[in-house]
Amino acid sequence: MRNDSRLSRMLHVLIHMDRHEHSATSDMIAKMLNTNPVVVRRTMAGLRERGYVSSEKGHGGGWTLVRPLSEITLLDVYNALGEPHLFAIGPADDQPQCLVERAVNSALADAMQEAEALLLRRLGSVTLKQIADEFEAKLEARSAAAYSCAS
């Protein structure tokens, strides 16, 4: 099964949007993500509906971030994307009458529910500003190291 990278990709886009003064067109975002502008518009629509971005059509139009990164959590973006599956593993349903399969599926379901609850709590506790700040700190450290003098 292929990974669903929409969450990671949209977090990337939103942080870039915050760093730029002008709106970003679907074409610009598509080039950054190596995808099609139609895919960008479809994916960004959920973010627009939730009030995180706005869009303007026509010349000079594009996507604009309308909420500060400090007010957007990873969970907010996850929810805006339609709550994609968090895990690729799941129960088997080959032998629904088999008691062993039922027991296995029950144990897996319990473990998956616990893991999903933990992950969703963590996503809700991290803002995009925290990620952007981490990026800035790494960028500053890299710049300082590039210009430091060897003794």
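Residues numbered from 1 in each chain as written. Predicted model: local features only at pLDDT ≥ 70, side-chain atom pairs only at ≥ 80, totals over all residues. Heavy atoms only, no water.

Chemist: Is there a simple way to think about unusual backbone geometry in this case?
Modeler: Note: most peptide bonds trans; most residues except glycine with negative phi. The phi torsion at Asn34 lies on the positive side, around 55°, for a residue other than glycine. Tracing the chain through its elements places Asn34 in the loop between α2 (26–33) and α3 (37–49). On the accessibility criterion, Asn34 (74% relative accessible area) is exposed. For Glu83, which is not glycine, the phi dihedral falls at a positive 55°. (Helix = DSSP H or I, 4+ residues; strand = E, 2+ residues; numbered from the N terminus. Buried < 20%, exposed > 50% of the residue type's maximum accessible area, 1.4 Å probe, protein only.)

Chemist: I would appreciate a short explanation of the packing of helix α1 (residues 6–19) against α3 in the present structure.
Modeler: The axes of two packed helices give the description: the angle between them and the distance between them. Between α1 and α3, whose axes approach to 12 Å, the crossing angle comes to 70°. Regarding the angle of α1 to α3, the classification is roughly perpendicular. Between α1 and α3 lies a crossing of right-handed hand. The residues of α3 that touch α1, namely those facing Met10, Val13, Leu14 and Met17, are Thr43, Met44 and Leu47. (Axes fitted to C-alpha atoms, helices over the stretch in contact; angles between N-to-C directions. Parallel < 35°, antiparallel > 145°, perpendicular 65-115°, else oblique. Left-handed = near helix turned anticlockwise from the far one by under 90°. Contact = heavy atoms within 4.5 Å.)

Chemist: Sorry if this is basic, but what is going on with the side chain of Thr73 here?
Modeler: Along the chain, the position of Thr73 falls in the loop between β2 (62–65) and α4 (74–80). Owing to a relative accessible area of 14%, Thr73 belongs among the buried residues under this scheme.

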